[in-house]
Amino acid sequence: MIAAAGPGGTIYVRADAGPYSVANNRVNIGVGGKVGSPVTITGVDRDFAPMRATIVGSRTAWALPTDPEAVTNVRNWFPGGDVFALRSAADYLTFKFFDFQGTGQPFHLTGSTHRGITVSDCNAFNFQRFFEHEPATSHIDTILKNLTGTGFSKTAIRIRGDSHNVLLEDIVLNSGRQDGHNFATGVECNETAHNITMRRVTATNCHDTRNSNPDKFWNADGFASERGNYAIYREDCTSAGNTDAGYDDKGSDVTNVNCTASGNKVNYKFWGPSTSNINCRARNPKSRGGVGPQMQYYVYGGSAPDVSGADVLIQGGIVSDNGPNTNVFVAEAYNSVFRIAGVAITHHARAARQTELSGWGNAFLYANPADTTPPTITSAASVTAAANANFAHLLKANRPVTWSIVGSRDADEFQVLPDRCAGTLTMTATAGGANRQVIVRATDASGNKADQTITLVFGTTETPFFKDDFNRADQALGASAYWRFAPNGGGDGVPSDIAIRGQELAIFNTAYRGAAYASPDCGFADHYVQATVAKIPTYYNGILACRLTNPSNLIGVEFKNDRIALYERTNGEFKELGFVTIPPLVGDIIRLEVKGANAAVKKNGAIIIGPKATAGTNATWTWSGVVSRSFAVDPWIDNYEAGPL
């Protein structure tokens, strides 16, 4: 009939003479229309007025529960079969006015690439997937609109392969908590599908209990995308009542505008490198079971410290609930950034606004979106490096920002550390020669940007990476934006245990395992730390540390009134690598250098201990810093400095 109607033709399906049964077969289609002249298949009554033709399949019968929280176990159901099975050459087809009841998959595409498929003004009740296609199948210029789907147990609409130019509009999907087919999702994108637009699409009540096991993770999202997807745009969409995420995006260049998420375990979950939520709403997350807490926003970052994480802009909109167990903004793993600009945030007093899980380098930046003033870069635009030595330059701005490299002739020789809390530009040791240039960019919480061209010249003395003379008001060391408290790994101190007093650094900690602060990350495991002796302790008090992970993992130098000693510490266990019994004097400069597997201590420029072989403690770690332990000493050091070798 499609072939007979030809491009631009219409096939009318009688809709007022009873339902059609497709219990044991399907409609196989292998022909279509042409560009600009599709073949239309539409339900009509006897007068050719639009009317939905009812298609009845063989899926196990079901009724939508009156209680929206009621769950139906469908694990042993008969899933039902296909209705319209599109084969190769089934292109430029428009399907309108159908009502699918108890079918498996109303639309199933299997050709290599389908073009110009439109489905509109259809209902589906109790189905497995509404719009499905095989992994090797793509579709282009697809339109799905004015659809209602109630009761489904897998992905209602899946967009996969290299599908693109896909539009979804005015669609309401309610899984009805059909549980057991592992698992329902409203709209899912995967493989390399891209350039997908969704407007006024609703996905609710997707439910997965992992066979009613409360000790496992319960999946089921409203909207989802996977790594490889990109250019996804949603507007005025709603996702509610799902046992995992309202929006679970691993794709890149994902934009949600005026969207709503409510009552999901995690309202918004982002894993991709670039996501924007503009004037969106996150309300009252709800965990219905399974492991994992309820959250408003969750971002999973890089899988390792040297891997960049997500970049999420949340501009305008609302984040609201009053649950004491709700996590508001959560970053897990490494090196992601939340840019939170002009968001109205309401949360319970006991609920932390921001949380960093099992990683570091995650930044939470807050701003007023009305401020369109670019940040000001305050670090030097001209720096000096030594030949054959690693180089690091600390980038600074007048407000919290993240950093990137955006060009210039020597850009490939430089890198910016992936740590979003750091601003370190590095260049691996080179023989020297001509000047180098690179352009760096600072981006603030609102997305305002400023660029700076940095010129690096070679000389005999490199520009120090980081210096702190402590010449400021008395405060905990962590009050400075450039110091990072490192509490994990066995330390039992608190941030105020190391503090600035009288423009020098003092130790107040009496905890046995101590507390640690890391100075800015220089990016190289070969590095040094040094400071001026301000007072000579009578007992073990503090450590100048390299390769510093936390109070229990470091290479460090310690001084007191009868010795200077070099240690490595692994899992809280000290190993003395060497010592001298000549104490320092006030004003002496103590310097620790680690290079490869060796460590050495210098006093006033002369080696006094080492080089000593280490056991490889934190062999790739790139932080320096200070550690407190045992009795107080006030002051302790002055004029701290750290950098690469």
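Look up: the structure comes first, before these words.
Residues numbered from 1 in each chain as written. Predicted model: local features only at pLDDT ≥ 70, side-chain atom pairs only at ≥ 80, totals over all residues. Heavy atoms only, no water.

Draft legend 1. The overall build of the chain, seen in detail. Along its length, the chain carries one helix and 59 strands. The buried share of the chain, taken over its 645 residues, is 56%. For the chain, restricting intrachain contacts to residue pairs at least 6 apart in sequence, the fraction spanning at least 24 positions comes to 69%. Across the chain, the mean location of the 56 positive side-chain charges is 2 Å away from that of the 59 negative side-chain charges. (Helix = DSSP H or I, 4+ residues; strand = E, 2+ residues; numbered from the N terminus. Buried < 20%, exposed > 50% of the residue type's maximum accessible area, 1.4 Å probe, protein only. Contact = heavy atoms within 4.5 Å. Lys, Arg positive; Asp, Glu negative; His and termini not counted. Charge placed at Lys NZ, Arg CZ, Asp CG, Glu CD.)

Draft legend 2. Fine view of the sheet that holds strand E40 (residues 415–416). Sheet architecture is open: three strands sit in the order E38-E41-E40, paired in antiparallel fashion. The open sheet terminates on both sides in strands that have one partner only, identified here as strand E38 (391–394) and E40. Two strands pair when backbone bridges link them, and E40 and strand E41 (residues 424–427) are joined in this way by two bridges, in the antiparallel orientation. Looking at E41, one finds that Val 416 is bridged to Leu 425. (Pairing = 2+ DSSP bridges.)

Draft legend 3. Just the pattern of salt bridges, in detail. Summed over the entire model, instances satisfying the criterion amount to 34 salt bridges. Here Glu 188 ties to Arg 158 by a salt bridge, and the two come within 3.7 Å at their closest N and O atoms. Here the residue Glu 188 occupies a position in strand E18 (residues 185–189), and Arg 158 occupies one in strand E15 (residues 155–159), the gap between them amounting to 30 residues. Arg 158 shares its class with Glu 188; the two are buried. Put simply, Arg 234 and Asp 249 hold a salt bridge, and the shortest N to O gap is 2.8 Å. In this pair, Arg 234 is assigned in strand E21 (residues 230–235) and Asp 249 in strand E23 (residues 245–249), connecting sequence segments 15 residues apart. (Salt bridge = Lys/Arg side-chain N within 4 Å of Asp/Glu carboxyl O.)

Draft legend 4. Fine view of the packing of aromatic side chains. Using the criterion set out here, one finds 37 aromatic pairs in the structure. Note on Phe 127 and Phe 130: the rings are 6.2 Å apart at their centroids and 70° apart in plane angle, and the pair reads as edge-to-face. Here Phe 127 falls in the buried class, since its relative accessible area comes to 0%. According to the relative accessible area criterion, Phe 130 is buried, its value standing at 4%. Ring plane angle 70° and centroid distance 5.1 Å describe the contact between Tyr 567 and Phe 574, whose orientation is recorded as edge-to-face. Classification of Tyr 567 by relative accessible area gives buried; the value is 9%. With a relative accessible area of 30%, Phe 574 lands in the partly exposed category. (Phe/Tyr/Trp six-rings, centres within 6.5 Å; stacked < 30°, edge-to-face > 60°.)

Draft legend 5. Region of the structure containing the pairing of strand E8 (residues 93–96). When strand E4 (residues 39–44) meets E8, the two strands line up parallel, connected through four bridges. The partner of Val 39 across the bridge, within E8, is Leu 93. As paired strands, E8 and strand E12 (residues 117–127) are joined by four bridges and run parallel to one another. Looking across to E12, one finds that Phe 95 is bridged to Val 119.

Draft legend 6. A look at the environment of Glu 226. Along the chain, the position of Glu 226 falls in the loop between strand E20 (223–225) and E21. Separated by 35 residues in the primary sequence, Glu 226 and Glu 191 place their C-alpha atoms 6.9 Å from one another. Apart from residues lying up to four places away in sequence, Glu 226 is in contact with Cys 189, Asn 190, Lys 250 and Gly 251.

Draft legend 7. Spatial organisation of unusual backbone geometry. A cis amide bond, omega 5°, links Asn 182 with the succeeding residue Phe 183. On the secondary structure map, Phe 183 appears in the loop between strand E17 (178–179) and E18. Along the chain, Gly 610 connects to Pro 611 via a cis peptide bond; the corresponding omega equals 5°. Here Pro 611 lies in strand E57 (residues 606–613). A positive phi angle, close to 55°, is found at Asp 236, a residue other than glycine. Tracing the chain through its elements places Asp 236 in the loop between E21 and strand E22 (238–240). Relative accessible area serves as the criterion here: at 34%, Asp 236 is assigned to the partly exposed category.

Draft legend 8. Structural detail: the sheet that holds strand E43 (residues 449–459). If you trace the four strands from one edge of the open sheet to the other, you get E37-E43-E42-E39, paired in mixed fashion. Lying at the two open borders of the sheet, with one neighbouring strand each, are strand E37 (382–386) and strand E39 (402–407). Neighbour-to-neighbour, the strand axes of the sheet open up by a mean angle of 35°, direction not taken into account. As paired strands, E39 and strand E42 (residues 436–443) are joined by five bridges and run antiparallel to one another. When the bridges of E42 are listed, Gly 407 appears paired with Ile 439. (Axes fitted to C-alpha atoms, helices over the stretch in contact; angles between N-to-C directions.)

Draft legend 9. Region of the structure containing the side chain of Arg 420. By the element assignment, Arg 420 lies in the loop between E40 and E41. A polar side-chain atom of Arg 420 sits 3.1 Å from the main-chain carbonyl oxygen of Asn 335. Ignoring sequence-local partners within four residues, the contact set of Arg 420 consists of Gly 309, Ala 310, Asp 311, Asn 335, Ser 336, Val 337, Gly 361, Ala 363, Val 401 and Thr 402. (Polar contact = N/O pair within 3.5 Å; in protein donor to acceptor, adjacent residues only side chain to side chain.)

Draft legend 10. Local environment of the environment of Ala 534. By the secondary structure assignment, Ala 534 is in the loop between strand E50 (527–533) and strand E51 (542–550). With a relative accessible area of 13%, Ala 534 lands in the buried category. Along the chain, Ala 534 and Thr 202 lie 332 residues apart, while their C-alpha atoms are 65 Å from each other.

Draft legend 11. Layout of the environment of Pro 38. Along the chain, the position of Pro 38 falls in the loop between strand E3 (27–29) and E4. Among the residues examined, Pro 38 registers a relative accessible area of 29% and is labelled partly exposed. Taking the C-alpha atoms as reference points, Pro 38 and Gly 6, 32 residues apart in sequence, are found 8.4 Å from one another. Not counting residues within four places of it along the chain, the set of residues in contact with Pro 38 comprises Pro 7, Gly 8, Gly 9, Gly 33, Tyr 92, Leu 93 and Thr 94.

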